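# Architecture at a glance
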Amino acid sequence: LQNKEYVCRGHDYERLEAFQQRMLSEFPQAIAMQHPKHPDDSILQCDAQYLQIYAVTPIPDSVDVLQMDRVPDRIKSFYRVNNIRKFRYDRPFHKGPKDKENEFKSLWIERTTLTLTHSLPGISRWFEVERRELVEVSPLENAIQVVENKNQELRTLISQYQHKQMHGNINLLSMCLNGVIDAAVNGGIARYQEAFFDKDYITKHPGDAEKITQLKDLMQEQVHVLGVGLAVHEKYVHPEMRPLHKKLIDQFQMMRSSLYH
């Protein structure tokens, strides 16, 4: 096991902390490393035992299935976490001086992709890492991915309510809509606008024109998806939650007008 990396599928509903404790009980002499940075030679060549444990995100192979509208969400959720051979984890860092006014301008992501010898889950719940690749994701690319992922999350949740897969309780949709709209009004995509739609940024990064357009399109898409979500929310919201719904509508109007402006 020395100096090897594995991706392990934990037990159902097992928290990361519980998994860490389980591994440390198997290796009682081991010292737990508290960061996901790749260990340096002083760690790799020493006599002591070290365990480095962190969460990774599956990268599905079956992208076609996930993008088909007619495929039910339950089937999509299966393909998101099964037959997976690639996983990734992200480490945020600031390149150059951190912008105190708007940290999104200097927020880069160090993305590590791990490829396994076999797909998980298999006969075993863990397989060895065969290859690791490291890339740096620029602040603009990171913004695009964040907005795109949030749009996908919203669409999936709204679809579940529209097709009666979620019964009665609207709380999950309320929380999700509130999280996106509130963040958009008090920061969120407004911060992205300040960072990347600024004339100085556009002048200094002429090669980013296509990506800036992509981010704008994703923001407009988010406004559309939120509008659909609020219509569904109005249909199912409990009378006691009406004040929250009204607040969401008011904030949404502010968000939409600032975006169009």
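Thresholds applied
- Residues numbered from 1 in each chain as written.
- Predicted model: local features only at pLDDT ≥ 70, side-chain atom pairs only at ≥ 80, totals over all residues.
- Heavy atoms only, no water.
- UniProt positions renumbered as here; feature names shortened; annotations may be inferred.
- Pairing = 2+ DSSP bridges.
- Helix = DSSP H or I, 4+ residues; strand = E, 2+ residues; numbered from the N terminus.
- Axes fitted to C-alpha atoms, helices over the stretch in contact; angles between N-to-C directions.
- Parallel < 35°, antiparallel > 145°, perpendicular 65-115°, else oblique.
- Left-handed = near helix turned anticlockwise from the far one by under 90°.
- Contact = heavy atoms within 4.5 Å.
- Nonpolar A, V, L, I, M, F, W, Y, C, P; charged D, E, K, R; others polar.
- 1 Å grid on protein atoms, 1.4 Å probe; cavity = no way out; pocket = protein on both sides within 12 Å on 5 of 7 lines; lining within 4 Å.
- Points joined across faces, edges and corners; volume = space filled by probe spheres on them.

For the protein chain, an unreviewed UniProt entry supplies the name DOCK3 protein and the organism Ceyx cyanopectus. Here is the UniProt Sequence similarities (unreviewed entry) comment for the protein chain, exactly as written: "Belongs to the DOCK family."

### Quick look at the pairing of strand β5 (residues 84-94)
Judged from the three bridges that link them, strand β4 (residues 57-59) and β5 form a sheet pairing that is antiparallel. Pairing of P58 across the sheet is with F87, part of β5.

### Some details on the packing of helix α7 (residues 188-196) against helix α9 (residues 209-236)
Packing of α7 against α9 brings their axes to within 12 Å, and their N-to-C directions diverge by 160°. In this view, α7 runs roughly antiparallel relative to α9, as classed from their interaxial angle. Crossing geometry of α7 relative to α9 is assigned as left-handed. Along the contact surface, α7 presents I189, Y192, Q193 and F196, while α9 presents I212, L215, M219 and Q222. Split into classes, the residues belonging to the contact of α7 with α9 amount to six nonpolar, two polar and no charged.

### Notes on the layout of surface pockets
The calculated volume of the largest pocket comes to roughly 1,700 Å³. Looking at the largest pocket, it is lined by 48 residues, and the ones nearest its centre are Y6, C8, F19, Q52 and I53. Taken together, the elements giving at least two residues each to the lining of the largest pocket come down to β1 (6-8), α1 (16-26), α2 (41-44), β3 (50-52), β5, β6 (107-120) and β7 (126-137). Residues belonging to the lining of the largest pocket are distributed by class as follows: 30 nonpolar, seven polar and eleven charged. Computed from the structure, the second largest pocket encloses a volume of approximately 930 Å³.

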